[in-house]
Amino acid sequence: MRDFHFPGRSPVYAGRAMAATSMPAATLAALDALRAGGNALDAAVTAAAALAVIEPQSTGIGGDCFCLYKKADSPEIIALNGSGRAPQAATIDHYESHGITEFDPTSPHTVTIPGAVSAWETVLAAHGKRDLAAALAPAIRYAEAGFPVHPRVAFDWAIAADKLRKTGADQFLPGGNPPTPGTIIRQPDLARTLRAIAAHGARAFYEGPIAAAMVAELRARGGLHTEADFAEGRTAAKFVTPIQRDFDGMTIWECPPNGSGILALMLLGILEGFGPAPDGPLGPVRLHRHIEAARLVYRDRDALLADPDQSPIPIDHLLSDDYLTSLRLLINDEQTIKDLPRAGENLLPAHRDTVYLCVVDEAGNACSFINSTYESFGSGILAGNTGIILQNRGLGFSLRRGHPNCIAPRKRPMHTIIPGMATRNGRAVMPFGVMGGHYQPMGQSWLLTNLRHYGLDIQESLDLPRAFPYAGQVELERGIPQSTIDGLIARGHTLATTDRPLGGGQAILIDHQRGILIGGSDPRKDGCALGY
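Values in this document were obtained by computation on a predicted structure and should not be read as measured data.

1. Quick word on the overall build of the chain
Argument step 1. Check the secondary structure of the chain and you find 18 helices and 21 strands.
Argument step 2. On C-alpha atoms alone, the chain measures out to a radius of gyration of 22 Å, which is about the 24 Å that the 2.2 N^0.38 rule sets for 532 residues.
Argument step 3. Across the 532 residues in the chain, those meeting the buried criterion constitute 64%.
Argument step 4. Accessible surface, the chain as shown: approximately 18,900 Å² in total, 52% of it carbon and sulfur.
Argument step 5. The average position of the 48 basic charges and that of the 54 acidic charges among the side chains of the chain differ by 2 Å.

2. Considering the sheet that holds strand β14 (residues 420-424)
Argument step 1. One open sheet holds the seven strands; their spatial order is β1-β20-β19-β15-β14-β9-β8, and the pairing between them is antiparallel. Each having just a single partner strand, β1 (12-14) and β8 (243-247) make up the two edges of the open sheet. The mean angle between the axes of side-by-side strands here comes to 20°, regardless of whether they run parallel or antiparallel.
Argument step 2. One ladder, built from five bridges, connects β14 with strand β15 (residues 427-435); its direction is antiparallel. If you follow arginine 424 over to β15, its bridge partner there is arginine 427.
Argument step 3. Sitting on the sheet, helix α16 (residues 440-452) is in contact with β8, β9 (250-254), β14, β15 and β19 (504-511), with an inclination near 130° to β15.

3. Some details on the sheet that holds strand β18 (residues 495-497)
Argument step 1. On the basis of which strands lie adjacent, the open sheet formed by three strands has the order β16-β17-β18 and mixed pairing. For this open sheet the edge positions go to β16 (467-470) and β18, each flanked by a neighbour on one side alone. On average, each strand axis in the sheet is tilted by 30° relative to the strand beside it, whichever way the strands run.
Argument step 2. Where strand β17 (residues 473-476) meets β18, three bridges bridge the pair, whose relative direction is parallel. Within β18, the position partnered with glutamate 475 by the bridge is alanine 496.
Argument step 3. Of the strands in this sheet, β16 and β17 touch helix α13 (residues 284-304), which is tilted by about 35° from β16.

4. A look at the state of the cysteines
Argument step 1. Applying the stated criterion across every chain yields a total of zero disulfides.
Argument step 2. Here cysteine 367 stays free of any disulfide, with the sulfur of cysteine 67 as its closest cysteine sulfur at 3.8 Å.

5. Observations concerning unusual backbone geometry
Argument step 1. Its identity is not glycine, yet tyrosine 374 carries a phi of approximately 75°, on the positive side.
Argument step 2. Position of tyrosine 374 relative to the elements: it lies in strand β11 (residues 366-374).
Argument step 3. Here alanine 471, not a glycine, exhibits a phi torsion of approximately 55°, which is positive.

6. Describing the environment of threonine 251
Argument step 1. In this fold, threonine 251 is placed in strand β9.
Argument step 2. In this structure threonine 251 comes out as buried when scored by relative accessible area, which is 18%.
Argument step 3. Threonine 251 sits eleven residues away from isoleucine 262 along the chain, and the two C-alpha atoms are 13 Å apart.
Argument step 4. Residues within four places of threonine 251 in sequence aside, it is in contact with Gln244, Arg245, Asp246, Met421, Ala422 and Thr423.
Argument step 5. At a separation of 2.7 Å, a polar atom in the side chain of threonine 251 contacts the side chain of aspartate 246.

7. Quick notes on the packing of α13 against helix α18 (residues 482-490)
Argument step 1. Where α13 meets α18, the closest approach of the two axes is 9 Å, and the angle between their N-to-C directions is 50°. Between α13 and α18, the angle is such that the two are oblique. By crossing handedness, the relation of α13 to α18 is classed as right-handed. Residues Pro284, Leu287, His288 and Ile291 of α13 form the contact with α18, whose participating residues are Thr484, Gly487 and Leu488.
Argument step 2. Here the contact of α13 with α18 is built from residues that sort into four nonpolar, three polar and no charged.

8. Remarks on helix α8 (residues 188-200)
Argument step 1. Compared with an ideal rise of 1.5 Å per residue, which puts 13 residues at 18 Å, α8 spans 18 Å between its outermost C-alpha atoms and is within 8% of the ideal.
Argument step 2. For α8, every residue scored as buried is listed here: Asp189, Leu190, Ala191, Thr193, Leu194 and Ile197.
Argument step 3. Packing partners of the buried residues in α8 comprise α2 (40-54), α4 (116-127), α5 (132-145), α9 (203-206) and α10 (209-220).

9. Examining the confidence of the model for the chain
The predicted coordinates ought not to be read in detail in places where the model reports low pLDDT.
Argument step 1. Scored by pLDDT, the chain comes out at a mean of 94, with 98% of its residues at no less than 70.
Argument step 2. For residues 346-351, every residue scores under 50 in pLDDT, and the model assigns this stretch 17 contacts once sequence neighbours within four places are set aside.

Here is what the cut-offs are and how they apply
- Along each chain, the written sequence defines residue order, and numbers are assigned to residues from 1.
- Local features in this predicted model are restricted to residues of pLDDT 70 or higher, and side-chain atom pairs are both shown and tallied only at a pLDDT of 80 or more, whereas totals for entire chains, interfaces and linings draw on every residue.
- The basis for the side-chain values is all heavy atoms of the structure; hydrogens and waters are excluded.
- Numbering goes from the N terminus for both helices and strands, where a helix is a DSSP run of H or I of at least four residues and a strand is a run of E of at least two.
- Here the globule rule is a power law, 2.2 Å times the number of residues to the power 0.38, and the radius of gyration is based on C-alpha atoms.
- A simple rule labels every residue: compare its accessible area, found with a 1.4 Å probe on the protein chains alone, to the largest value its type can have, and call it buried under 20%, exposed over 50%, or partly exposed in between.
- The Shrake-Rupley method, run with a 1.4 Å probe sphere, supplies the accessible areas, and residue values consider only the shown protein chains as cover.
- Charged residues are defined narrowly, with Lys and Arg counted positive, Asp and Glu counted negative, and His plus the chain ends left uncounted.
- Here the site of a charge means atom NZ of a Lys, CZ of an Arg, CG of an Asp or CD of a Glu.
- Here, strands pair whenever DSSP counts at least two bridges between them.
- A fitted line through C-alpha atoms serves as each axis, taken over the contacting stretch for helices, and the angle formed by two N-to-C directions is quoted from 0 to 180°.
- Should any heavy atoms of two residues lie within 4.5 Å, those residues are counted as being in contact.
- The criterion for a disulfide is a pair of cysteine sulfur atoms lying within 2.5 Å.
- The term polar contact refers here to a pair of N or O atoms within 3.5 Å; inside protein, the definition further demands a hydrogen-donor-capable atom paired with an acceptor-capable atom, and it admits residues adjacent in sequence only when both atoms are side-chain atoms.
- An angle counts as roughly parallel when it lies under 35 degrees, as roughly antiparallel when it exceeds 145, as roughly perpendicular when it falls between 65 and 115, and as oblique in every other case.
- Throughout, a crossing is termed right-handed when the near helix is turned clockwise from the far one, and left-handed when it is turned anticlockwise from it by less than a right angle.
- Asp, Glu, Lys and Arg are counted as charged, while Ala, Val, Leu, Ile, Met, Phe, Trp, Tyr, Cys and Pro are counted as nonpolar; the rest, among them Gly, fall into the polar class.
- Under the convention used throughout, the expected extent of a helix is 1.5 Å for every residue step, that is, one less than its residue count.
- pLDDT gives the predictor's per-residue confidence on a scale running from 0 to 100.

Have a look at this one:
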């Protein structure tokens, strides 16, 4: 139990149903959907659509999504991949012939065909109780009537202001500046687009005037997209077979590649062999072990993770006990690994923004759902008068010929967004996720080890300060003890503080023995968990 003399928030308890999202209004929209007869999946799509309006820097209908869904009456974990594909004309020959060796984040070449609307329609048709029009109703209301900007949204918006100026997305800079907290933002163009989708389904997004407007905007900026690419995107969302690994008495489920959930499972496999560190959840040994494990698995991601439809991935090898044990043995508690082994090997050679939400309904169905435009405001490209900001997921591709993740026609890029689901004895025990671009696998494993190895409650597990090895240094949030900082430096880590918090998460723990739900919501975002 937390010390009530200090600031913080308690876990949320409920007996029948619960939702946790990164904005209070989206959490309320999810609960309203449940009370109107929807199931956890209906509530999740409703919340995601609302967030696409009221948290526009993180998500939107111009983005992608992934979903894990566990029905209470079935042992199956349903996984949906709602990531978009590159245009048919996106060949490495084209980029090489034009001297393009890397993408600018605002380039039209970073825009893959958005998958979110296809995914929403697909998953609701298969497993929902309400239709897409009902799910979009709160989002339409917020787009038309307006909604006050919340503090974290305003913080991120200000950081993205130069991007929006560069791309000419003036609609998102009222009076030429990013909005401050409390500013009412209305999006009438987006409302019209959402109304068209509500009336005519995903076809209204991927075909006809809305698709033509997106293509025209992208082509005018040098993009390779065609209306045929968008029309094909209408059915791009696919159900896939999830991957899993046992951890501390639970089975942890993830969507398979091209998502990076496999990294979270690899991290858990490495860390479970260590068990709790002797110096507690914020001690230097605990952080050092976790950082070193992350360095190893992210190395594998950068070399091997790609679209499995076009590039084979050694999933069984990467998740095997033998391989993960061999990686664990590389980690020395007293110093960093100076030279990482090559990806997929264990012998030493000489050598970003998203919304995550979760819902549990009265029947016990559990949904883990994540939706994203990748970087803040995605590419920053506003598609004509549609109100749609297009994502920049194409930044996940490699432009190195021969790389498994090299861009190619109709290929899906390596994806960072990952919903998680924990089960025990065939029953859901926790939908969970941690936002934050590349941080997400690190964040999921941090949350789960906080909960299972160090006995923190669900809210404390989200609250605990975070660290992340990225681009050759370790980013630290404020709140890491100075003794731990000194210990990391002594072990050879190069440290850096970060002004932007590392990710943001939501989780709902299902206590079957007591018949209650326990929710946590990350204080790094504006949201909350609520139940009834």
